[in-house]
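Close look at the chain arrangement
Here is what each chain is made of, one letter per residue.
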Amino acid sequence: MAKYVLVFHGGSMPETEEESAAVMAAWGVWMEGLGSALTDPGNPFGRAVTISSDGSTTEGGGANPASGYTVIDADSLDAAVTLAKGCPILVGGGSIEVTEALDM
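An account of the accompanying structure is given in this report.

As for the overall build of the chain
A count of helical and extended segments in the chain gives two helices and six strands. Each helix (α) and strand (β) of the chain, taken in turn from the N terminus, gives the series β-α-β-β-β-β-α-β. Viewed in the frame of its principal axes, the chain has a C-alpha envelope of about 45 × 45 × 20 Å. Put simply, the chain has 104 residues, and 23% of those count as buried. Long-range pairs, those at least 24 residues apart, make up 72% of the contacts in the chain with a sequence separation of at least 6. As displayed, the chain offers around 6,900 Å² of accessible surface, 57% of which is attributable to carbon and sulfur atoms.

In structure tokens form, the structure reads like this:
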């Protein structure tokens, strides 16, 4: 079993308390559905600074900054992608980068 990091990009923010409650409920249902595959529910990200190889810094995380993450266990990249496809961020217009965390 390998560990996979789901890096979320974009997604809309709820505009009302009712929308916020519905979004949080959807995330709860998705995470509950992951069962034992869920290793770390993760967190949303805030403000970012990018550091270049020359040491210079710029505000933000590039053209499509990361907005959060979750860590799961799966048998393969394809299995991790299948689990990620149920994530509510996709309904909000976001995207998910799925990558294996390699043991070193």
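Regarding the sheet that holds strand S6 (residues 95–101)
Across the sheet, which stays open at both edges, the four strands sit in the order S2-S5-S1-S6 with antiparallel pairing between neighbours. The strands lining the two open edges of the sheet, one partner per strand, are strand S2 (38–44) and S6. Each neighbouring strand pair of the sheet contributes to a mean axis angle of 15°, computed without reference to strand direction. Pairing of strand S1 (residues 2–9) with S6 involves seven bridges; the strand directions are antiparallel. Each residue of the ladder has a partner; that of Val5, found in S6, is Thr99.

Structural notes on a negative patch on the surface
On the surface, a cluster of negative charge is contributed by Glu15, Glu17, Glu18 and Glu19. Judged by its relative accessible area of 74%, Glu17 is exposed.

Looking at the packing of aromatic side chains
Going through the model one piece at a time under the given rule, you end up with three aromatic pairs. With centroids separated by 5.3 Å and ring planes inclined at 80°, the aromatic side chains of Phe8 and Trp27 adopt a geometry described as edge-to-face. Taken together, the positions of Phe8 in strand S1 and Trp27 in helix H1 (residues 17–34) put the pair 19 residues apart, joining distant regions of the chain. According to the relative accessible area criterion, Trp27 is buried, its value standing at 17%.

Cut-offs used in this document
- Residues numbered from 1 in each chain as written.
- Predicted model: local features only at pLDDT ≥ 70, side-chain atom pairs only at ≥ 80, totals over all residues.
- Heavy atoms only, no water.
- Helix = DSSP H or I, 4+ residues; strand = E, 2+ residues; numbered from the N terminus.
- Buried < 20%, exposed > 50% of the residue type's maximum accessible area, 1.4 Å probe, protein only.
- Contact = heavy atoms within 4.5 Å.
- Areas by Shrake-Rupley, 256 points an atom, 1.4 Å probe, with all protein chains shown as cover.
- Pairing = 2+ DSSP bridges.
- Axes fitted to C-alpha atoms, helices over the stretch in contact; angles between N-to-C directions.
- Patch = residues over 30% accessible without salt bridge, like charges linked within 9 Å, V, L, I, M, F, W, Y side chains within 5 Å.
- Salt bridge = Lys/Arg side-chain N within 4 Å of Asp/Glu carboxyl O.
- Lys, Arg positive; Asp, Glu negative; His and termini not counted.
- Charge placed at Lys NZ, Arg CZ, Asp CG, Glu CD.
- Phe/Tyr/Trp six-rings, centres within 6.5 Å; stacked < 30°, edge-to-face > 60°.

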